[in-house]
Amino acid sequence: MIVVSNTSPIMNLAVIGQLNLLERLYGRVFIPEAVIQELSVIKPEEHKLPIIKIPSWIESRAVKDSPLVHSIAFELDTGEAEAIVLATELKADLLLIDERRGRVVSSRMGLKFIGLLGVLIEAKHKGFIVAIKPILDTLISKAGFWISGQLYNKILQTADE
């Protein structure tokens, strides 16, 4: 399975010490160079975050179609644009992306995508985590992950919690 990720799923899972979920679910994950850049400029001391070290199972790839990246970057940031283009170039089975605008563009381009909450549901269904609620609560309190009360309840209901 070919999986490409944007910055937010990697960053948020790393902050709460759950980055290994991506490896357990997907084995190898590809990220574009812009995502490496975005992760490298995070200043842990300013955000009370751990230093994010990219493990060997996350592989950086250069995007080839820079004109397409530039045209998409009018709607999105560079990391999202490169992740979408890389997913297209690699014919990825799945793109990990949270941002609504990024999902709209991904859908327009015919990509299958999932957000961090979908990753957590998948991890629970496969038995990699026992419960989503404590992870969600930690994402909110420690990583500053924003989720509406309605979606929070829907996710817990979907996960039978």
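That block above? That's the structure.
Residues numbered from 1 in each chain as written. Predicted model: local features only at pLDDT ≥ 70, side-chain atom pairs only at ≥ 80, totals over all residues. Heavy atoms only, no water.

Would you mind going over the environment of A159 in detail, with residue names and values included?
Tracing the backbone shows A159 in the segment after α10 (149-158). Judged by relative accessible area, which is 5%, A159 ranks as buried. A C-alpha to C-alpha distance of 8.0 Å links A159 and H125, two positions 34 residues apart in sequence. In this structure A159 touches K124 and I132, once residues within four positions along its chain are discounted. (Helix = DSSP H or I, 4+ residues; strand = E, 2+ residues; numbered from the N terminus. Buried < 20%, exposed > 50% of the residue type's maximum accessible area, 1.4 Å probe, protein only. Contact = heavy atoms within 4.5 Å.)

How would you explain the nonpolar core if you had to name every residue and give the values?
One finds L22, Y26 and I132 to be the most contacted residues of the largest nonpolar core, which totals 38 residues. Looking at this core, the elements with two or more residues in it are α1 (7-15), α2 (20-26), β2 (29-32), α3 (33-40), β4 (94-96), α8 (116-125), α9 (133-142) and α10. Ranked by the residues each element gives to this core, the list is headed by α8, at 6 residues. By size, the runner-up hydrophobic cluster in this structure holds 17 residues, among which are F30, I72, A83 and L95. (Core = buried A, V, L, I, M, F, W, Y, C linked by side-chain atoms within 4.5 Å.)

Break down the packing of α8 against α10 for me, with residues and values.
The description of two packed helices rests on the angle between their axes and on the distance between the axes. Where α8 meets α10, the axes come as close as 10 Å, and the angle between the chain directions of the two elements is 20°. With respect to their mutual orientation, α8 and α10 come out roughly parallel. For the crossing formed where α8 meets α10, the hand is right-handed. Touching L117, I121 and H125 of α8 are L151, I155 and T158, all from α10. A class-by-class count of the residues in the contact of α8 with α10 yields 4 nonpolar, 2 polar and no charged. (Axes fitted to C-alpha atoms, helices over the stretch in contact; angles between N-to-C directions. Parallel < 35°, antiparallel > 145°, perpendicular 65-115°, else oblique. Left-handed = near helix turned anticlockwise from the far one by under 90°. Nonpolar A, V, L, I, M, F, W, Y, C, P; charged D, E, K, R; others polar.)

An account of α8 is requested, with residue identities and associated values reported.
For α8, the buried fraction is high: 8 of the 10 residues fall into the buried class. Every buried residue belonging to α8 is among L116, L117, V119, L120, I121, E122, A123 and K124, and all of these are buried. Structurally, α8 contributes buried residues whose contacts are with α1, α2, β4, β5 (113-114), α9 and α10. Immediately downstream of α8, the backbone of G127 shows phi near 80°, a positive value.

Can you explain the pattern of salt bridges? Please cite residues and give values.
Across all of its chains, the model carries 6 salt bridges by this definition. With a shortest N-O distance of 3.3 Å, E59 and R28 are connected by a salt bridge. In this pair, E59 is assigned in strand β3 (residues 58-61) and R28 in the loop between α2 and β2, connecting sequence segments 31 residues apart. A relative accessible area of 43% places R28 in the partly exposed class. Across the salt bridge formed by E122 and K126, the nearest N and O atoms sit 3.4 Å from each other. Given a relative accessible area of 48%, K126 falls into the partly exposed group. Among the charged side chains, a salt-bridge network with shared partners connects R28, E59 and R61. (Salt bridge = Lys/Arg side-chain N within 4 Å of Asp/Glu carboxyl O.)

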